[in-house]
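# A look at the structure
What follows is the residue order along each chain.
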Amino acid sequence: KNEVEQSPQNLTAQEGEFITINCSYSVGISALHWLQQHPGGGIVSLFMLSSGKKKHGRLIATINIQEKHSSLHITASHPRDSAVYICAVIPGSARQLTFGSGTQLTVLP
Amino acid sequence: EAGVTQSPTHLIKTRGQQVTLRCSPISGHTSVYWYQQALGLGLQFLLWYDEGEERNRGNFPPRFSGRQFPNYSSELNVNALELEDSALYLCASSFTGSGGYTFGSGTRLTVV
């Protein structure tokens, strides 16, 4: 079993829809990251969380440390949000990231 | 402020050859991480350098190696290339002790 599980693997939405991507992890962590990867490969860090909730524009990320679960929400989705969204954790005293398998999001106009 | 820069962006090598990939971290970042993203697979941790020392390595054979220079830039070397080494190699940097990451755009290596 992977240490980081994401769902769904693929998600297609219509422009304007509210989107949720889920991440569950099985190890103790010091932080969790949500990353965005566009075609071509470059990765952008969207959020780093160790507790609670963060918001940036139309993006909201939450984490429940006790339940070992995090969610990424996109409000009023837009075709430019189409990308792979990756959940990654920093386990315990480690410094490197352990990644989920990613969620391919396609937002149709 | 310049981001994390990687070079080259793309390259093609023949099986058995050796390759060197380069990464320049954000100014002030002392930690450099290398990750591999093979086609159809998720991101896998390769190597972590901090203050010029290798601090940790992932589950990769010894032909994957690297180093970090006094200016905190880093090289990843892969010897005796195999077809399955074809992948996107991503570099990321952070401050020592910080959990924040900045990623480069990656080097796409194709082994033929």
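Attention in this report is confined to the structure presented alongside it. Here the structure is a predicted model, which is why all the values come from computation and not from measurement. (Residues numbered from 1 in each chain as written. Chains lettered and ligands numbered in written order. Predicted model: local features only at pLDDT ≥ 70, side-chain atom pairs only at ≥ 80, totals over all residues. Heavy atoms only, no water.)

### Examining the interface of chain B and chain A
If you look at the interface, chain B gives 22 residues, while chain A gives 15 residues. Between chain B and chain A, roughly 1400 Å² of surface is buried when both sides are summed, and carbon and sulfur atoms account for 60% of that area. At the surface where chain B touches chain A, the tally comes to zero salt bridges. Viewed at the interface, chain A and chain B are joined by seven residue pairs in polar contact (both at pLDDT 80 or more). Every element with two or more residues in the side of chain B that touches chain A is listed here: β4 (31-38), β5 (43-50) and β9 (87-94) of chain B. Here the side of chain B that touches chain A takes four residues from β4(B), the largest share from any one element. Here the side of chain B that touches chain A is composed, by residue class, of ten nonpolar, eleven polar and one charged. (Contact = heavy atoms within 4.5 Å. Buried area = accessible area lost by both parts, 1.4 Å probe. Salt bridge = Lys/Arg side-chain N within 4 Å of Asp/Glu carboxyl O. Polar contact = N/O pair within 3.5 Å; in protein donor to acceptor, adjacent residues only side chain to side chain. Helix = DSSP H or I, 4+ residues; strand = E, 2+ residues; numbered from the N terminus. Nonpolar A, V, L, I, M, F, W, Y, C, P; charged D, E, K, R; others polar.)

### Concerning the environment of T20(B)
All names here are of chain B. Checked against the element boundaries, T20 lands in strand β3 (residues 19-24). With relative accessibility at 19%, the residue T20 sits in the buried group. Expressed as a C-alpha distance, the spacing of T20 and P8, which sit twelve residues apart in the sequence, is 9.2 Å. When residues no more than four places from it in sequence are discounted, the contact partners of T20 are P8, E75, L76 and N77. Looking at T20, its side chain comes within polar contact range of the side chain of Q18, at 2.9 Å. Engagement of the side chain of T20 in a polar contact is seen with the side chain of N77, the distance being 2.7 Å. (Buried < 20%, exposed > 50% of the residue type's maximum accessible area, 1.4 Å probe, protein only.)

### Focus on the state of the cysteines
Applying the stated rule across the entire model yields two disulfides over all chains. Shown here is the disulfide that connects C23(A) with C87(A), its sulfur atoms set 1.9 Å apart. Given an S-S torsion of about -60°, the disulfide between C23(A) and C87(A) has left-handed geometry. Taken as a pair, C23(A) in strand β3 (residues 19-25) and C87(A) in strand β9 (residues 83-91) lie far apart in primary sequence, 64 residues in all. Side by side, C23(A) and C87(A) carry an identical accessibility label, which is buried. Put simply, C23(B) and C91(B) are joined by a disulfide, and their sulfur atoms are 1.8 Å apart. Negative torsions about the S-S bond denote left-handed disulfides, and the value of about -60° found for C23(B) with C91(B) makes this one left-handed. One end of the pair, C23(B), is in strand β3; the other, C91(B), is in strand β9, and 68 residues separate them in sequence. With respect to class, C23(B) is no different from C91(B); both count as buried. (Disulfide = S-S within 2.5 Å.)

### Remarks on the pattern of salt bridges
Residues and elements named next belong to chain B. Counted under the stated rule, the structure contains six salt bridges over all chains. Residues R67 and E75 are paired through a salt bridge, measuring 3.3 Å at the closest nitrogen-oxygen approach. Each of R22, R67 and E75 takes part in a single network of salt bridges with overlapping partners.

### Considering the side chain of D85(B)
Residue and element names in this part refer to chain B. Relative to the assigned elements, D85 resides in the loop between β8 (74-78) and β9. Assessed through its relative accessible area of 3%, D85 is described here as buried. If near-sequence neighbours (up to four positions away) are discounted, D85 is found in contact with Q36, R63, F64, V78, A80, L109 and V111.

### Examining the sheet that holds strand β1 (residues 5-7) of chain B
Through backbone hydrogen bonds, the strands of a sheet pair up, either in parallel or in antiparallel fashion. Residues and elements named next belong to chain B. Taking strand neighbours across the sheet as the criterion, the four strands line up as β1-β3-β8-β7 in an open arrangement whose pairing is antiparallel. Sheet topology places β1 and β7 (64-68) at the edges, where each strand pairs with a single neighbour. Taking each pair of neighbouring strands and ignoring which way they run, the sheet shows an average axis angle of 15°. The pairing of β7 with β8 spans five bridges and is antiparallel. Following the sheet pairing, R67 is matched in β8 by E75. (Pairing = 2+ DSSP bridges. Axes fitted to C-alpha atoms, helices over the stretch in contact; angles between N-to-C directions.)

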